[in-house]
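One-letter residues, chain by chain:
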Amino acid sequence: MSKKITKWLLLRKFIAPVFLLAALTIVGTVGYVYIDNYTWINALYMTIITVGTVGFGEIQPLSNAGKLFTIFLIIASLATVAFYITMVTRLLLDGEWRRQYRLYKQSKRLNNMHDHVIVCGYGRNGKQACEVLKQNGITYTVIEQRQEYVAAAEHEDLIIPGDATKDEVLLEAGIMNAKALISALPNDADNLFVVLTARQLNPSTIIISRASDDHSIKKLKIAGATNVIMPDKLGGAYMASLVLIPDVQEFLSMLSSKHNEKFQVTELEVTQAINLGELNLWQQTGCTVLGVKQVDSKYRRNPTPDYILMQGERLIVMGSAAQIAKAQKHLQER
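Residues numbered from 1 in each chain as written. Predicted model: local features only at pLDDT ≥ 70, side-chain atom pairs only at ≥ 80, totals over all residues. Heavy atoms only, no water.

### Observations concerning the environment of Gly286
Next, step 1: With respect to the secondary-structure elements, Gly286 resides in the loop between α13 (281–285) and β9 (288–293).
Next, step 2: Expressed as a C-alpha distance, the spacing of Gly286 and Ala322, which sit 36 residues apart in the sequence, is 9.5 Å.
Next, step 3: Contacts of Gly286, omitting those with residues within four sequence positions, involve Leu281 and Gln323. (Helix = DSSP H or I, 4+ residues; strand = E, 2+ residues; numbered from the N terminus. Contact = heavy atoms within 4.5 Å.)

What follows is the structure in structure tokens.
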């Protein structure tokens, strides 16, 4: 729903009675002119005092047709006032005004949003993704079609009820300016459509898709998914790792939040070629280099000091928030 449409829906309920009153005034004025030969100014005055039910007397005697017409104007004006009061009361008491105003504010925020994450689906996986994004202070919006999940996601700042496989819904969510998209729909076919549509609209965005079947992984990657995750396999592997290396897993869990000031794992972009040993991150900043993501998307784990960092590669480092900020500045200055 666009900003203009949302704003119109918000104001329409208040503008409608005004149009009804204006129409009633026009009908009344014309009616008095043609029924009892009132002048236009007298007809307008008679209409206003009748519709306003102020109780003034007649300007000139009314015929029987004029009296019946006046009765009609009084009943119509009372019905209009009753309709307006009922509508305003319903808006205030049942929360519709709050919902409409929230949609209007949401549309304004979406229009100004950049480098955010779009989460398609607010089921188990989508909700968990939102929680992690919120913990790390990353702006995101949710697209959900199922009404029961839309109601469950009403506490989210930005929730768009709609079908994520449609172009217009992704455009409303800001796919053109999105940093990443997470497709966590329960059906692999739907995730495939979301990936295809999102990749077509924004070729440069990161797309992470959920998959339930092994055969869907290749199709999703061909469609344009950057990464494909199978939650069931991932969960089973994590449980097994807790048996094999429980302390390591506990340690890694500590690094999953950017709000952890003591330990974080993040990536730093390399802007120019440089020898890793000359960069000397450990001595200069206290950060530990865990690996390098190369330009061809391959990973170099635990690189040696003589490794040459190339422009466009990404350093995966571990350290405190202050150390990582210092490392980023040090890398930019080289």
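### Looking at a nonpolar patch on the surface
Next, step 1: Residues Leu20, Val81, Phe83, Tyr84 and Ile85 make up a contiguous nonpolar surface patch of roughly 450 Å² in combined accessible area.
Next, step 2: In terms of residue count, helix α3 (residues 64–93) provides more of the nonpolar patch than any other element does, four residues in total.
Next, step 3: By secondary structure assignment, the location of Phe83 is in helix α3.
Next, step 4: Classification of Phe83 by relative accessible area gives partly exposed; the value is 40%. (Patch = residues over 30% accessible without salt bridge, like charges linked within 9 Å, V, L, I, M, F, W, Y side chains within 5 Å. Areas by Shrake-Rupley, 256 points an atom, 1.4 Å probe, with all protein chains shown as cover. Salt bridge = Lys/Arg side-chain N within 4 Å of Asp/Glu carboxyl O. Buried < 20%, exposed > 50% of the residue type's maximum accessible area, 1.4 Å probe, protein only.)

### Things to note about the side chain of Thr29
Next, step 1: Position of Thr29 relative to the elements: it lies in helix α1 (residues 3–36).
Next, step 2: For Thr29, a relative accessible area of 9% translates into the label buried.

### Some remarks on the sheet that holds strand β6 (residues 227–229)
Next, step 1: If you trace the six strands from one edge of the open sheet to the other, you get β3-β2-β1-β4-β5-β6, paired in parallel fashion. Edge strands, defined here as strands with exactly one partner in the open sheet, are β3 (159–161) and β6. Between one strand and the next, the sheet's axes are offset by a mean angle of 15°, whatever the strand orientation.
Next, step 2: With four bridges joining them, strand β4 (residues 180–183) and strand β5 (residues 206–210) adopt parallel strand pairing. Bridge assignment links Leu181 to a residue of β5, and that residue is Ile207. (Pairing = 2+ DSSP bridges. Axes fitted to C-alpha atoms, helices over the stretch in contact; angles between N-to-C directions.)

### Quick notes on the pairing of β5
Across a regular strand the side chains alternate sides, sitting on one face of the sheet and then on the other.
Next, step 1: A crossover connection joins β4 to the parallel β5 through helix α8 (residues 188–201); in handedness this β-α-β unit is right-handed.
Next, step 2: As defined by bridge partners, β5 adjoins β6 across three bridges and the pair is classed as parallel. Note on β6: the bridge partner recorded for Ser209 is Val228.
Next, step 3: Handedness of the crossover joining β5 and β6 through helix α9 (residues 214–223) is recorded here as right-handed. (Right-handed = clockwise from strand over helix to strand, strands pointing away.)

### Thoughts on the pattern of salt bridges
Next, step 1: If you walk through the whole model with that rule in mind, you get three salt bridges.
Next, step 2: Between Glu269 and Arg314 there is a salt bridge, with its nearest N and O atoms 3.9 Å apart. Pair noted here: Glu269 is in strand β7 (residues 264–269) and Arg314 is in strand β12 (residues 314–319), with a separation of 45 residues, a long-range link.
Next, step 3: According to the relative accessible area criterion, Glu269 is partly exposed, its value standing at 46%.
Next, step 4: Salt bridges sharing common partners tie together Glu267, Glu269 and Arg314.

### Here we look at the nonpolar core
Side chains of nonpolar character tend, in soluble globular proteins, to be buried together.
Next, step 1: Within the largest apolar cluster, 23 residues are counted, with the highest numbers of intra-cluster contacts made by Ile118, Cys120, Ile143, Leu170, Ile175 and Leu181.
Next, step 2: Elements with a minimum of two residues in this core: β1 (117–120), α7 (167–172), α8 and α9.
Next, step 3: It is α8 that provides the largest number of residues to this core, a total of four residues.
Next, step 4: The residues contacting Ile118, other than those within four sequence positions of it, are Thr141, Ile143, Leu170, Ala173, Gly174, Ile175, Ala178, Ala180, Leu181 and Ile182. (Core = buried A, V, L, I, M, F, W, Y, C linked by side-chain atoms within 4.5 Å.)

### Digging into the sheet that holds β9
Next, step 1: Taken together, the four strands give an open sheet; going across it, the order is β7-β12-β9-β10, and neighbouring strands pair in antiparallel fashion. Each edge of the sheet is formed by a strand with only one pairing partner; in this case those strands are β7 and β10 (299–301). When strand polarity is set aside, the average angle formed by the axes of neighbouring strands in this sheet is 25°.
Next, step 2: In the sheet, β9 pairs with β12 via five bridges, with the strands oriented antiparallel. By the bridge assignment for β12, Gly291 is matched with Ile316.

### Comments concerning α8
Next, step 1: Spanning 14 residues, α8 covers 20 Å between terminal C-alpha atoms, matching the ideal 20 Å at 1.5 Å per step.
Next, step 2: For α8, the full list of buried residues reads Asp188, Asn191, Val194, Val195, Thr197, Ala198, Arg199 and Leu201.
Next, step 3: Structurally, α8 contributes buried residues whose contacts are with β1, α7, β4, β5 and α9. (Expected span 1.5 Å × (residues − 1).)

### What to know about the confidence of the model for the chain
Next, step 1: Residue-level pLDDT values for the chain average 80, and 80% of them are 70 or greater.
Next, step 2: When pLDDT is averaged over each helix and strand of the chain, the minimum, 64, is found for helix α4 (residues 96–111) and the maximum, 94, for β4.
Next, step 3: Contacts from residues 1–6, a stretch scored under 50 in pLDDT, to residues over four places away or in other chains number 10 contacts. (pLDDT = per-residue confidence, 0-100.)

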